[in-house]
Amino acid sequence: MKNSGQVVGVCLSQRRTDPKENVGRGLLEKGIGLLGDSHAGTEKEVSLLAIERVRKLNLDGGLSAGPGCFAENITTEGIDIVSVPIGS
């Protein structure tokens, strides 16, 4: 079975106190993270979140959230991110 997952958001903020903005594309550097993001070069290099989870929270919790609203860098769709090994 072919994996048909995709990236639906690439989000960053220059300061940790600012909300992440979906900029649509970015450059990942090994050992650094998403260049231009406030977490680049820290122990939290890159974070991922499935859009399916965001949609569930929107439905169950009455939220209106999208990519970046939970401070994730990469928002995915159709990818089992729990099975993605840390560091890959």
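Anything mentioned here points back to the structure above.
Predicted, not measured: the structure shown is a model, and the values here were computed from it.

**Q** So what exactly am I meant to see when it comes to helix α1 (residues 51-61) here?
**A** Owing to its 3.6 residues per turn, the α-helix brings residues three or four apart onto one side. Within the span of α1, buried status applies to Ile 51, Val 54 and Asn 58. One side of α1 carries all its buried residues, which in axial view fall inside an arc of 55°. Residues of α1 that are exposed and point more than 90 degrees away from the buried face comprise Leu 59, Asp 60 and Gly 61. Where α1 ends, the next residue or the one after it, Gly 62, has phi of about 70°, a positive value.

**Q** I'm lost on a nonpolar patch on the surface in this one. Help?
**A** Residues Leu 28, Val 46 and Leu 48 make up a contiguous nonpolar surface patch of about 240 Å² in total accessible area. Mapped onto the elements of the fold, Leu 28 is located in strand β3 (residues 28-29).

**Q** Looking at this model, I keep getting lost on the sheet that holds strand β5 (residues 48-50). Mind explaining?
**A** Paired through backbone hydrogen bonds, the strands of a sheet run either parallel or antiparallel to each other. Taken together, 4 strands build an open sheet; the order of strands is β2-β1-β6-β5 and the sheet is mixed. Two strands in the sheet have a free side with no partner beyond their single neighbour: β2 (21-22) and β5. By the bridge criterion, 2 bridges tie strand β1 (residues 6-12) to β2 in an arrangement that is antiparallel. From the neighbouring strand, Cys 11 faces β2, where its bridge partner is Asn 22. Packing of α1 onto the sheet brings it into contact with β1, β5 and β6 (74-77), and relative to β5 it is tilted by some 60°.

**Q** Sorry, what's going on with the side chain of Lys 20 here?
**A** Structurally, Lys 20 can be placed in the loop between β1 and β2. Classification of Lys 20 by relative accessible area gives buried; the value is 9%. Within the structure, the side chain of Lys 20 is placed 2.8 Å from the side chain of Asp 37, a separation counted as a polar contact. Of note is the side chain of Lys 20, whose polar atom sits 3.5 Å from the side chain of His 39. If sequence neighbours within four positions are ignored, Lys 20 has contacts with Cys 11, Leu 12, Ser 13, Asp 37, Ser 38, His 39, Gly 68, Ala 71, Glu 72 and Asn 73.

**Q** What is the right way to read the state of the cysteines from this model?
**A** Disulfide: a covalent bond connecting the sulfur atoms of a pair of cysteines. Scanning the model with the defined rule gives 0 disulfides in all. Free of any disulfide, Cys 11 has its nearest neighbouring cysteine sulfur in Cys 69, separated by 8.2 Å. By relative accessible area, which is 52% here, Cys 69 ends up exposed.

**Q** Is there a simple way to think about the pattern of salt bridges in this case?
**A** For side chains bearing opposite charge, pairing can occur when the charged atoms are close. For the structure on display, the rule yields 4 salt bridges. Between Lys 20 and Asp 37 there is a salt bridge, and its shortest N-O distance comes to 2.8 Å. Linking Lys 20 in the loop between β1 and β2 with Asp 37 in the loop between β4 (33-34) and β5, this pair joins segments that are 17 residues apart in sequence. One exposure class covers both Lys 20 and Asp 37, and it is buried. The closest approach of N and O atoms between Asp 60 and Lys 56, which form a salt bridge, is 2.5 Å. You can see Asp 60 and its partner Lys 56 sitting in helix α1, 4 residues apart, about one turn around the helix.

Calculation rules
Residues numbered from 1 in each chain as written. Predicted model: local features only at pLDDT ≥ 70, side-chain atom pairs only at ≥ 80, totals over all residues. Heavy atoms only, no water. Buried < 20%, exposed > 50% of the residue type's maximum accessible area, 1.4 Å probe, protein only. Helix = DSSP H or I, 4+ residues; strand = E, 2+ residues; numbered from the N terminus. Arc of directions from axis to C-beta. Patch = residues over 30% accessible without salt bridge, like charges linked within 9 Å, V, L, I, M, F, W, Y side chains within 5 Å. Areas by Shrake-Rupley, 256 points an atom, 1.4 Å probe, with all protein chains shown as cover. Salt bridge = Lys/Arg side-chain N within 4 Å of Asp/Glu carboxyl O. Pairing = 2+ DSSP bridges. Contact = heavy atoms within 4.5 Å. Axes fitted to C-alpha atoms, helices over the stretch in contact; angles between N-to-C directions. Polar contact = N/O pair within 3.5 Å; in protein donor to acceptor, adjacent residues only side chain to side chain. Disulfide = S-S within 2.5 Å.

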